[in-house]
Amino acid sequence: MTVPWTGAPAAAAPLPLPVAAVLVRGEQTALVVDLGASTRSGRRAVTVTRDGVPQWATLEPVMTDATAVALVVDTSVAGAATLPAWRSAGARFALEAPAGAQAVVIAGSAPATVIAGPQRGPADPVRALSSVPARGDRDTAAALALGLRQFPAAAPGRRLVVLYTTGPDAGGEDAGTLAERFRSSGTVLVVVGTPDAGSYWAATAAATGGFFAPARDPDIGPAIDQVSTELASRYLVELPTPPTLPARVSVRVDTADLTLAGDAVIAAPPASPAAARRFPTRVALAVGGAAAGLVVLAAGALLLRRRRSRVAPVPQEPSAVARGRATVHPPARGRARVEEMRQP
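Bear in mind that the values here come from a model prediction, so they are computed numbers and not experimental data.

**Student:** I would appreciate a short explanation of the pattern of salt bridges in the present structure.
**Tutor:** Note that side chains of opposite charge can pair when their charged atoms are close. As enumerated under the stated definition, the model contains 10 salt bridges in all. We note a salt bridge from Arg234 to Asp34, for which the minimum N-O separation is 3.6 Å. Taken together, the residues span a long stretch of sequence, with Arg234 in strand E13 (residues 234-240) and Asp34 in strand E3 (residues 28-34) at a distance of 200 residues. Among the ionic pairs, Arg92 bridges to Asp225, the shortest N-O distance being 2.8 Å. Of this pair, Arg92 sits in helix H1 (residues 83-96) while Asp225 sits in helix H6 (residues 221-233); the two residues are 133 residues apart in sequence, bridging distant segments of the chain. Under the relative-accessibility criterion, Arg92 is labelled partly exposed at 28%.

**Student:** Before we go on, may I ask you to explain the confidence of the model for the protein chain in this structure?
**Tutor:** Detailed reading of the predicted coordinates is not advisable wherever pLDDT falls low. With 75% of its residues at a pLDDT of 70 or more, the protein chain has an overall mean of 82. In this model residues 5-9 is a low-confidence stretch, pLDDT under 50, and it forms 0 contacts with partners more than four residues away in sequence or in other chains.

**Student:** Is there a simple way to explain the sheet that holds strand E10 (residues 159-165) in this structure?
**Tutor:** Working definition: the strands of a sheet are paired by backbone hydrogen bonds and lie parallel or antiparallel to each other. One open sheet holds the 6 strands; their spatial order is E9-E8-E7-E10-E11-E12, and the pairing between them is mixed. Taken across any chain shown, the strands that pair with only one partner, and hence form the sheet edges, are strand E9 (113-120) and strand E12 (211-214). Averaged over all neighbouring strand pairs, the angle between strand axes comes to 15 degrees, with direction disregarded. In the sheet, strand E11 (residues 187-193) pairs with E12 via 4 bridges, with the strands oriented parallel. Paired with Val192 across the two strands is Ala213, which belongs to E12. With respect to the sheet, helix H3 (residues 140-148) is in contact with strand E7 (68-73), strand E8 (102-107), E9, E10 and E11, its orientation differing from that of E10 by roughly 160 degrees.

**Student:** Explain the pairing of E8 to me, please; I cannot follow it from the model alone.
**Tutor:** Walk down a regular strand and you will see the side chains alternate between the two sheet faces. Here E8 lies mainly inside the structure; 5 of its 6 residues are buried. In terms of strand pairing, E7 meets E8 through 6 bridges, oriented parallel. Across the sheet, Val73 pairs through a bridge with Ala107, a residue of E8. In this view, the connection linking E7 to its parallel neighbour E8 by way of H1 has right-handed handedness. Summarising the sheet, E8 and E9 pair through 5 bridges and their orientation is antiparallel. Considered in E9, the bridge of Val105 is made with Ala116. The antiparallel hairpin formed by E8 and E9 contains 5 residues in its connecting segment.

**Student:** Got a minute to help me understand the sheet that holds E13 in this structure?
**Tutor:** Across the sheet, 4 strands lie side by side as E2-E3-E13-E6; this open sheet has antiparallel pairing. Two strands lie at the open edges of the sheet, namely strand E2 (19-25) and strand E6 (58-61), each paired on one side alone. Going across the sheet, the axis of each strand differs from the next one's by a mean of 25 degrees, ignoring polarity. Relative to E3, E2 is paired through 6 bridges, and the arrangement is antiparallel.

**Student:** Please clarify how empty space enclosed by the protein should be interpreted in this entry.
**Tutor:** Where empty space is left becomes clear once a probe the size of a water molecule has been rolled over the atoms. Under the counting rule described, the total for this entry stands at 2 cavities of 30 Å³ or more. Along its surface, the largest cavity is lined by 13 residues, and Ala94, Ala97, Ala101, Ala103 and Gly121 are the ones closest to its centre. Broken down by secondary-structure element, the contributors of at least two residues to the lining of the largest cavity are E7, H1 and E8. Roughly 30 Å³ of volume is contained in the second largest cavity. Surrounding the second largest cavity, Val72, Val73, Asp74, Gly108, Arg138, Thr140, Ala143 and Leu163 form its lining. Going through the elements one at a time, E7 and H3 are the ones with two or more residues in the lining of the second largest cavity. Of the residues belonging to the lining of the second largest cavity, the class tally is 4 nonpolar, 2 polar and 2 charged.

**Student:** Help me understand the environment of Ala264, please; the structure alone is not making it clear to me.
**Tutor:** Relative to the helices and strands, Ala264 is located in strand E15 (residues 259-266). Judged by relative accessible area, Ala264 falls into the buried class, the value being 5%. Taking the C-alpha atoms as reference points, Ala264 and Leu17, separated by 247 residues in sequence, lie 9.8 Å from one another. With near-sequence residues (within four places) excluded, Ala264 lies in contact with Val19, Val22, Leu31, Ala247, Arg248 and Val249.

Thresholds applied
Residues numbered from 1 in each chain as written. Predicted model: local features only at pLDDT ≥ 70, side-chain atom pairs only at ≥ 80, totals over all residues. Heavy atoms only, no water. Salt bridge = Lys/Arg side-chain N within 4 Å of Asp/Glu carboxyl O. Helix = DSSP H or I, 4+ residues; strand = E, 2+ residues; numbered from the N terminus. Buried < 20%, exposed > 50% of the residue type's maximum accessible area, 1.4 Å probe, protein only. pLDDT = per-residue confidence, 0-100. Contact = heavy atoms within 4.5 Å. Pairing = 2+ DSSP bridges. Axes fitted to C-alpha atoms, helices over the stretch in contact; angles between N-to-C directions. Right-handed = clockwise from strand over helix to strand, strands pointing away. 1 Å grid on protein atoms, 1.4 Å probe; cavity = no way out; pocket = protein on both sides within 12 Å on 5 of 7 lines; lining within 4 Å. Points joined across faces, edges and corners; volume = space filled by probe spheres on them. Nonpolar A, V, L, I, M, F, W, Y, C, P; charged D, E, K, R; others polar.

Below, the structure written as structure tokens:
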């Protein structure tokens, strides 16, 4: 029996592309995408369009020689029992990172301090982690702020903060505010912590394109493996920031075994709180100044009107007209001389 040929098999429909975060920093934008569904190694290509027009874009792993990492370790007395586990996890991360990646190590107890780096290669980070002691109170907020100040020239998505902590939060700052600080600086946050802190750290990290890895002391191996596996599946779709925001872009990634596609919205950066405070103040000052000017003008007009009403016209003296007439002579020595001529 002959089976008629019906043409080439239809291409499989693209799978949804998970876009973990959109990081905008000035003229550069990075979409953090998860390609974990692709299990076959090989070339990976990206296509980005906006309003149907192809856009210039590149696709790179999050972890490359261009990555800059801040390892933030909870070194507080309250977390002293878990510190050996954090030292081991941080050292393994430094050893597995690309050889050209830069790294710093930050002690997360007050005062938060850079104890190693910036350095390419794992030598200094591993040495610092092996000897850092537990001391003082936990100061996660200051340690994360210090991490955000490292590598200021890093492109969006190229700076990564990895936090190891037993703390339940960042010390009072809500998850949304902390996540926005990371997004606006183009930084990805990964947190390794105790399971009871998962809700706060999971929400914060996910909003930046990162994730939360729960660690159960003393067996933190699964958490360390999760960090390695999930970071390996994270990629950056890098493109110029569209001139008009917000803007919607369509992204298609072709891998060796499947195709993923999805849309992302590049939002306009939110106004800073300081700028938001200055705007109404400037408006109030402008309105107040205009009102004050109108009041001054009105008062001046009223005063001038009153002065004019008080000045009566000077009457001509009859005797002067009767006695003679006024004659104006040509100027003498720069001024007019008026003489009164009397009749005989």
